[in-house]
Amino acid sequence: NILLDQAAARDFKVGAAVDMHEDGYNNSVDEVSHSLAHLMNDRVHHPAYLRHQGKPVIYFWNQDRFSVAQWQEIRNQVDPNRDTIWVMEGASTAYLAVFDGLYLFTTVWSSNPAATASTWQTRTQQAGGWFYTPTVVPAWNDVSGRANPTPARPRGEGEYLRRSWNGAAASGADIILITRWNEYFENSHIETTE
């Protein structure tokens, strides 16, 4: 609760992102159900927790670790009344049968962030979702050695960040994600380096 308390003191809101990427963590339906039950019973009631239209918002990363049917089982167990908003990452709109909306972790592949935000807002709605969170990204240059890395996107002295922000804002979304903070290996960080 330390982060939530500090956010409340500064009139900030904090939402959780359930990271499904790491092996050995949230590997089973039971583990994820337990993690979400803890989050929903202990954290989302804090006054500084991020809400939209009065409902706590929970983001998910790498949800395709489980099938749509498994996620339906999890949601029916931990959130049967849909008291929270679940937002998945990525372009697999089939998961919108369970999740309320989606976000894209990065949009640096787009040379037109405004069009990308609008397009994905429409795709989300067409697939049955109602909540879209546009993403702001300052740049990208993956030096991690991954196979098939996302092509580099230069900062342009802040120009891509401005275009990314303006595109997200133009979508009219109530919540905008800035998904980068210290992602040095992707050269997408926005913090000072000294």
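Check the entry above for the structure.
To keep things clear, this report deals only with the structure shown in the data block. Residue indices follow the written sequence of each chain, beginning from 1 at its first position. Two thresholds apply to this predicted model, a pLDDT of at least 70 for residue-level local features and 80 or more for giving and counting side-chain atom pairs, whereas whole-chain, interface and lining totals are computed over all residues. Excluded from the side-chain calculations are hydrogens and water; all other atoms, namely the structure's heavy atoms, are used.

1. A short note on the nonpolar core
- By size, the foremost hydrophobic cluster in this structure holds 30 residues, and its most contacted members are Leu-36, Ile-58, Trp-71, Ile-74, Trp-86 and Phe-99.
- The way it works is that DSSP assigns letters per residue, a run of H or I at least four long becomes a helix, a run of E at least two long becomes a strand, and they are numbered from the N terminus. The set of elements that each furnish at least two residues to this core consists of α1 (2-9), β1 (16-19), α2 (29-43), β3 (55-61), α3 (68-78) and β4 (85-89).
- It is α2 that contributes the most residues to this core, five residues altogether.
- When neighbours within four sequence positions are excluded, Leu-36 is seen to be in contact with Val-18, Ile-58, Phe-60, Trp-71, Ile-74, Val-78 and Trp-86. In plain words, nonpolar cores are sets of buried Ala, Val, Leu, Ile, Met, Phe, Trp, Tyr and Cys residues tied together by side-chain atoms within 4.5 Å. Each residue's exposure class comes from its accessible area (1.4 Å probe, protein chains only) as a fraction of the maximum for that residue type: buried when under 20%, exposed when over 50%, partly exposed otherwise. The contact rule is simple, with two residues in contact once any of their heavy atoms fall within 4.5 Å.

2. Observations regarding the pattern of salt bridges
- We define a salt bridge as a side-chain nitrogen of Lys or Arg found within 4 Å of a carboxyl oxygen belonging to Asp or Glu. For the structure shown, the criterion picks out four salt bridges.
- A salt bridge links Asp-100 to Arg-75; the nearest nitrogen and oxygen atoms lie 3.1 Å apart. In this pair, Asp-100 sits in the loop between β4 and β5 (101-103) while Arg-75 sits in helix α3, placing the two residues 25 residues apart along the sequence.
- Arg-75 sits in the buried class, given a relative accessible area of 0%.
- Between Arg-162 and Glu-159 there is a salt bridge; the shortest N-O distance is 3.5 Å. Residue Arg-162 and its partner Glu-159 are both found in helix α5 (residues 159-170); the two are separated by three residues, about one turn of the helix.
- Connected through shared salt-bridge partners, Arg-75, Asp-79 and Asp-100 make up one network.

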